[in-house]
Amino acid sequence: EIYTLSLHDALPIWIERDLHDGAQQRLVSLAMNLGMARERFTSAPEPVRQAIADAHDEAVLALSEMREFIRGLHPAVLNDRGLNAALSGLAARAPLPVRLRVDLPRPASPSVEAVAYFIVSEALTNVAKHAQATEAEVTVRRGGDVLRIAVTDDGRGGAVPAGGGGPGAGTGLRGLAQRAAAVDGTLTIDSPPGGPTVIVAELPCES
């Protein structure tokens, strides 16, 4: 049986994109407005000036901490070496043999590549922990405006998302669906009892 998870049945996490485009921009605006108020109301009573100054300092600190957090969401190896090299590192570090095939005629957006990286990383972790597999294969291809990721293993099969029952049920597969949904993508799981298991994510590119 094939289980398909999409945005409508995965929790909308929108982590990196919403933090970057939403909360971070609001903090920038807040810090700027408080900075202008700090400069403008120099003749206000001391408690008022101090309250504005403290709020401005806190906003600047919060903005700095959020930027550090967002940088942590995007693996440095993607910035330094690109998705192909980053995935090669994951394959090399996996506790079972992994064949990797990457065909990217042009890169996707940083947020989509980060999601692709984490999907492969978490899928391989699930394979190593639960699948009883002897090998896995990862294929990443870009066709037009879609980045397609397939992770296949020769394990016992029976993998279903949390709440679906079966020996492979758990939160790990649900997390993969949430990763894909964060960039308006979908995740499909084909895992008959006895295997093989094939996990396919399709992510719209935003390059």
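Relevant structure appears above.
Just so it is clear, the structure is predicted and the values come from calculations on it, not from any experiment.

Enquirer: Outline the overall build of the chain, supporting the account with residue identities and numerical values.
Expert: Scanning the chain from N- to C-terminus turns up five helices and six strands. A burial count over the chain gives 43% of its 207 residues as buried. Long-range contacts, defined as pairs at least 24 residues apart, comprise 68% of the intrachain contacts of the chain with a sequence gap of at least 6. Total accessible area on the chain is roughly 10900 Å²; 55% of this is exposed by carbon and sulfur atoms.

Enquirer: Give a detailed account of the pattern of salt bridges, specifying residues and quantitative values.
Expert: Once the charged atoms of two side chains with opposite charge are near each other, the side chains can pair. This model, assessed by the stated rule, comprises nine salt bridges. For Asp-57, the salt bridge goes to Arg-38, with nearest N and O atoms at 2.9 Å. With Asp-57 in helix 2 (residues 46-73) and Arg-38 in helix 1 (residues 15-40), the pair connects residues that are 19 residues apart, well separated along the chain. The exposure class of Asp-57 is partly exposed, given its relative accessible area of 39%. Judged by relative accessible area, which is 33%, Arg-38 ranks as partly exposed.

Enquirer: Lay out the pairing of strand 2 (residues 98-103) in plain terms, naming residues and giving numbers.
Expert: Taken together, the six bridges between strand 2 and strand 3 (residues 136-143) define a ladder with parallel strand orientation. Its bridge partner lying in strand 3, Leu-100 is registered against Val-138. Between the parallel pair strand 2 and strand 3, the chain is carried across by helix 4 (residues 110-131), and the sense of this crossover is left-handed.

Enquirer: Any chance you could break down the pairing of strand 3 for me, citing the residues and the numbers?
Expert: Here strand 3 lies mainly inside the structure; six of its eight residues are buried. Two elements, strand 3 and strand 4 (residues 146-153), share eight bridges in a ladder whose sense is antiparallel. Looking at the pairing, Val-138 lines up with Val-151 of strand 4. Between strand 3 and strand 4, which follow one another and run antiparallel, lie two residues, and Gly-144 among them has a positive phi close to 65 degrees.

Enquirer: Kindly report on unusual backbone geometry, identifying the contributing residues and their values.
Expert: Between Gly-195 and the following residue, Pro-196, the backbone shows a cis peptide bond with an omega angle of -5 degrees. Tracing the sequence through the fold places Pro-196 in the loop between strand 5 (186-190) and strand 6 (197-204). Even without being glycine, Gln-132 reaches a positive phi, approximately 55 degrees. Tracing the chain through its elements places Gln-132 in the loop between helix 4 and strand 3. Under the relative-accessibility criterion, Gln-132 is labelled exposed at 62%. The phi torsion at Asp-184 lies on the positive side, around 65 degrees, for a residue other than glycine.

What counts and what doesn't
Residues numbered from 1 in each chain as written. Predicted model: local features only at pLDDT ≥ 70, side-chain atom pairs only at ≥ 80, totals over all residues. Heavy atoms only, no water. Helix = DSSP H or I, 4+ residues; strand = E, 2+ residues; numbered from the N terminus. Buried < 20%, exposed > 50% of the residue type's maximum accessible area, 1.4 Å probe, protein only. Contact = heavy atoms within 4.5 Å. Areas by Shrake-Rupley, 256 points an atom, 1.4 Å probe, with all protein chains shown as cover. Salt bridge = Lys/Arg side-chain N within 4 Å of Asp/Glu carboxyl O. Pairing = 2+ DSSP bridges. Right-handed = clockwise from strand over helix to strand, strands pointing away.

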